[in-house]
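Chain residues, written in single-letter form:
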Amino acid sequence: MSERQLFIRACWREEVERTPVWLMRQAGRYMRAYQRIRERHSFLEMCKNPRIAAEVTLQPVERLGVDAAILFSDILVLVEAMGMRLEFHEGLGPRLSEPVRTPEGVHRLRVPDAERDLHYVMEAIKLARKKLRGRVPLIGFSGAPFTLASYVIEGRSSRSFRFTKEMMFSQPEAFCALMEKLTTAVIDYVNAQVDAGVQALQIFDSWAGCLAPQDYEQYVLPHMRRLFSEIEARGEVPVIHFANQAGTFLDKVRLAGGDVIGVDWRIPLDEAWRRVGYEVGIQGNLDPLALFAPLHEIERRVRDVLDRAASRPGHIFNLGHGVHKDTPEEKVVALVKMVKRLSAR
Ligand code: CP3
């Protein structure tokens, strides 16, 4: 069975000869090859230059031997295309000017034409597919509407989500209008990525876990259901739904949709899978900080994740969130080798 098919087959819960593995943020600052390019270009320059984005997309395939490539980009380029000004500052993370907190602000955001306004993303996809030459599939992605809304409303990463929740609870109609606009934009964006050549999709709901389950159900779930039902390519390419810190409401995450549910490490993998049901695949869920442990301890934890998956078809090995930037590169290389060796059927 070709390597190319391994990851896709696992997404469809078919029998595989070993567990496929890829890592969120597999291309990034922990990698020396990435740092060498980053020294000469800002992060956004790298995202917007299709030649560089495609090159960086392939770095982890070559260095780690992962079973899938994920497009090098960022969830916030979509928000920029909707009319907000985006900057990344060293050590501070993303900044969006003029956060949206009123009905007028929501009205001013435009739904981009992804083909045209995010042309550089589509070019990077085409180039990456060419450079991959079928070795492994290419995953495209988008932020989920709620995670994008949190950036649009806060203007930056947040711990408390104070403005997001304030808008949700005191201007529910404006919040809903924002979610609708973002959902429409995400649908168009991921459909364009499939047209450009991605072979799977991941929807990142990185901050869904800040919500009470009943608020997720009321303010987020209806939009998520529309998103998953309108990804035209459903059935054509598998869709992974990563819901971070949503262990207490995985039943609702499952209702939202996705062929594979991605989970963080705060819930044991077997319990998560039991809760979402075995009619979907599961992705995860090693604590990214486990990679700072000695190799024998990493191995013990990898075995634990694999034991919990119990060789049931539909497990894709990943971390529970992105690779931390200070992770020793050698440990990441060792992790991928370990998963391949320990999961061989
Ligand atoms: O996974 C991959 O390798 C693909 C590339 C990718 C990046 N960001 C590259 C990146 C993906 C899929 C993302 C998604 C993303 N971006 C999310 C959702 C996933 C998650 O982590 O929860 C979010 C919330 C963002 C927004 C974002 N982008 C933040 C908060 C930051 C700062 C993080 C930090 O540690 O400073 C970024 C920057 C970013 N995105 C980097 C990379 C490689 C670091 C940029 C640099 O070189 O300085």
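Preceding this paragraph is the structure being described.
Residues numbered from 1 in each chain as written. Predicted model: local features only at pLDDT ≥ 70, side-chain atom pairs only at ≥ 80, totals over all residues. Heavy atoms only, no water.

Asks: What exactly am I supposed to notice about the overall build of the protein here?
Replies: For the protein, the count of helices and strands is 16 helices and nine strands. The C-alpha radius of gyration of the protein comes to 19 Å, within 12% of the 20 Å expected for a compact globule of 345 residues. For the protein, the C-alpha atoms occupy an extent of roughly 55 × 45 × 35 Å along the three principal directions. A total of 345 residues make up the protein; the buried ones form 58% of that total. Considering only contacts within the protein whose residues lie at least 6 apart along the sequence, 73% involve residues at least 24 apart. With the model as given, the accessible surface of the protein reaches about 14,400 Å², and the carbon-plus-sulfur share is 48%. (Helix = DSSP H or I, 4+ residues; strand = E, 2+ residues; numbered from the N terminus. Rg over C-alpha atoms; globule rule 2.2 N^0.38 Å. Buried < 20%, exposed > 50% of the residue type's maximum accessible area, 1.4 Å probe, protein only. Contact = heavy atoms within 4.5 Å. Areas by Shrake-Rupley, 256 points an atom, 1.4 Å probe, with all protein chains shown as cover.)

Asks: What should I look at first to understand the packing of aromatic side chains in this one?
Replies: Think of a pair of aromatic rings as described by two things: how far the centres are apart, and how the planes are tilted against each other in angle. A complete count under the given rule lists ten aromatic pairs for this structure. The interplanar angle of 85° and the centroid separation of 5.6 Å between the aromatic rings of Phe141 and Phe204 together place this pair among those described as edge-to-face. Highlighted residues: Phe141 in strand 4 (residues 138-143) and Phe204 in strand 5 (residues 200-205), separated in sequence by 63 residues. Note on accessibility: Phe141 and Phe204 belong to one class, buried. An aromatic cluster is present here, built from Tyr34, Phe43, Phe72 and Phe88 joined pairwise through their rings. Sitting above the plane of the Trp265 ring, Arg266 keeps its charged end 4.0 Å from the centroid. Across from the ring centre of Tyr278, 3.9 Å away, lies the NZ or CZ of Arg312, which sits over that ring. (Phe/Tyr/Trp six-rings, centres within 6.5 Å; stacked < 30°, edge-to-face > 60°. Lys NZ or Arg CZ within 6 Å of the ring centre and 35° of its normal.)

Asks: What should I look at first to understand the pairing of strand 2 (residues 86-89) in this one?
Replies: Strand residues, when the strand is regular, have side chains that alternate between the two faces of the sheet. Where strand 2 lies against strand 3 (residues 93-96), four bridges are found, and the strand directions are antiparallel. Across the sheet, His89 pairs through a bridge with Gly93, a residue of strand 3. Connecting strand 2 to the next strand, strand 3, in antiparallel fashion are three residues, including Gly91 with a positive phi near 75°. (Pairing = 2+ DSSP bridges.)

Asks: I'm lost on the pairing of strand 9 (residues 315-319) in this one. Help?
Replies: Counting buried residues in strand 9 gives five out of five residues, a clear majority hidden from the surface. Residues His315, Phe317 and Leu319 of strand 9 are buried on one face, and the alternating residues Ile316 and Asn318, pointing to the opposite face, are buried as well. Note that the unit made of strand 8 (residues 281-286), helix 15 (residues 295-309) and strand 9 has a crossover that is right-handed. (Right-handed = clockwise from strand over helix to strand, strands pointing away.)

Asks: Before we go on, may I ask you to explain the site of the ligand in this structure?
Replies: Surveying the vicinity of the ligand reveals 23 residues, the closest of which are Arg25, Arg29, Tyr34, Ser206 and His321. In this structure, Arg29 approaches the ligand through a side-chain N or O atom, which is 2.7 Å from an oxygen atom. One of the side-chain N or O atoms of Arg38 is found 2.7 Å from an oxygen atom in the ligand. Within the complex, 89% of the 890 Å² of free accessible area of the ligand lies under protein. When atom positions are compared with the pocket grids, the ligand is found to occupy the largest pocket. Its residues placed into classes, the shell around the ligand shows 14 nonpolar, five polar and four charged. (Near = heavy atom within 4 Å. Polar contact = N/O pair within 3.5 Å; in protein donor to acceptor, adjacent residues only side chain to side chain. 1 Å grid on protein atoms, 1.4 Å probe; cavity = no way out; pocket = protein on both sides within 12 Å on 5 of 7 lines; lining within 4 Å. Sits in = over half its atoms within 2 Å of the grid points. Nonpolar A, V, L, I, M, F, W, Y, C, P; charged D, E, K, R; others polar.)

Asks: Mind showing me how you'd approach the layout of surface pockets here?
Replies: It is the rolling of a water-molecule-sized probe over the atoms that shows where space remains empty. What the largest pocket holds in volume is close to 1,800 Å³. Counting residues per element, the ones that place at least two in the lining of the largest pocket are helix 2 (32-38), helix 3 (43-48), strand 2, strand 3 and helix 9 (145-154). When the residues that make up the lining of the largest pocket are grouped by side-chain class, the tally is 23 nonpolar, 17 polar and eight charged. (Points joined across faces, edges and corners; volume = space filled by probe spheres on them.)

Asks: What exactly am I supposed to notice about the environment of Gln26 here?
Replies: Checked against the element boundaries, Gln26 lands in the loop between helix 1 (3-11) and helix 2. Given a relative accessible area of 0%, Gln26 falls into the buried group. Measuring from C-alpha to C-alpha, the distance between Gln26 and Arg345 comes to 25 Å, with 319 residues separating the pair along the chain. Here Ala68 takes part through its backbone oxygen, which lies 3.0 Å from a polar atom of the side chain of Gln26.

Asks: What should I look at first to understand the side chain of Asn318 in this one?
Replies: With respect to the secondary-structure elements, Asn318 resides in strand 9. Accessibility expressed as a relative area gives 0% for Asn318, which makes it buried. Beyond its immediate sequence surroundings of up to four residues, Asn318 is in contact with Trp22, Leu23, Met24, Gln283, Gly284, Asn285 and Leu286.

Asks: Any chance you could explain the sheet that holds strand 6 (residues 239-243) here in plain terms?
Replies: The strands that make up a sheet pair up through hydrogen bonds in the backbone, lying either parallel or antiparallel. In space, the seven strands of this open sheet follow the order 1-4-5-6-7-8-9, with parallel pairing throughout. A strand with exactly one partner marks an edge of an open sheet, and here the two such strands are strand 1 (69-70) and strand 9. Two strands pair when backbone bridges link them, and strand 7 (residues 260-262) and strand 8 are joined in this way by three bridges, in the parallel orientation. Bridged to Ile261 within strand 8 is Ile282. Each of strand 5 and strand 6 is contacted by helix 12 (residues 213-230), which is oriented at about 165° to strand 5, the strand it contacts most. (Axes fitted to C-alpha atoms, helices over the stretch in contact; angles between N-to-C directions.)

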